[in-house]
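Residues per chain are reported as follows:
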Amino acid sequence: MRHMISDWVTVRVDDLSFGVLDYGDIPIETADWTNGLVAVMCDGAVICTGIHTGNVLVRVALHPFAPSDAGDGWEETAEVSVHSRRGLLRVESYEDGAVEDLPLLSTAGPGWYRLRVHARGRSINPDGVQETPVEHYLLAVWPAPPSDGSPLQ
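What comes next concerns the included structure. (Residues numbered from 1 in each chain as written. Predicted model: local features only at pLDDT ≥ 70, side-chain atom pairs only at ≥ 80, totals over all residues. Heavy atoms only, no water.)

## Notes on the side chain of Ser6
Examined against the element boundaries, Ser6 turns out to sit in the loop between strand E1 (4–5) and strand E2 (9–13). On the basis of relative accessibility, which here comes to 7%, the residue Ser6 falls in the buried class. Apart from residues no more than four positions distant in its own chain, Ser6 is found in contact with Arg59, Val60, Leu102 and Pro103. (Helix = DSSP H or I, 4+ residues; strand = E, 2+ residues; numbered from the N terminus. Buried < 20%, exposed > 50% of the residue type's maximum accessible area, 1.4 Å probe, protein only. Contact = heavy atoms within 4.5 Å.)

## Description of the sheet that holds strand E3 (residues 17–22)
Pairing is antiparallel in the open sheet, where five strands are placed in the order E4-E5-E3-E8-E9. Here the strands that pair on one side only, and so sit at the sheet edges, are strand E4 (38–40) and strand E9 (97–98). (Pairing = 2+ DSSP bridges.)

## So, the packing of aromatic side chains
Applying the stated criterion across every chain yields a total of two aromatic pairs. Note on Trp8 and Trp74: the rings are 6.4 Å apart at their centroids and 40° apart in plane angle, and the pair reads as tilted. Within this pair, whereas Trp8 is found in the loop between E1 and E2, its partner Trp74 is found in the loop between strand E6 (53–62) and strand E7 (76–84), the two being separated by 66 residues in sequence. Residue classification places Trp8 among the partly exposed positions, given a relative accessible area of 29%. Residue classification places Trp74 among the buried positions, given a relative accessible area of 18%. With 5.5 Å between their ring centres and 75° between their planes, Phe18 and Tyr137 make a pair best called edge-to-face. One end of the pair, Phe18, is in strand E3; the other, Tyr137, is in strand E12 (residues 136–143), with 119 residues separating them in the sequence. (Phe/Tyr/Trp six-rings, centres within 6.5 Å; stacked < 30°, edge-to-face > 60°.)

The structure is reproduced here in structure tokens:
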């Protein structure tokens, strides 16, 4: 697999978040809310937004291995290990389902991935409704074994 980056795509947000979900599953009872930006679950993760409801812009960068560039111009960054039991890890809106304009994240099939989330704009309209996107998220993903502290199945 070669490096690939998507266009910016509008993603619907509900209840202060959108998902990086494996076949639409939301095992929310397993979520680890420690870092405030990404809540890792036994499969997939929840990306925590500033807005309560509305739209954000998301771009995906798929890598064959860890990128050396952490990315400039971002207000927040968090990196976590994410598991995909089915190998169908996608960006998803709780209301609209899988965001078809963004690629499949689990490029190597079922297993473990690193997810680096870059965010900006989360403080512009906290807990508000924002139909015109003011928040941006870059999701960098690559296959990698779990790091210390990753939840196990």
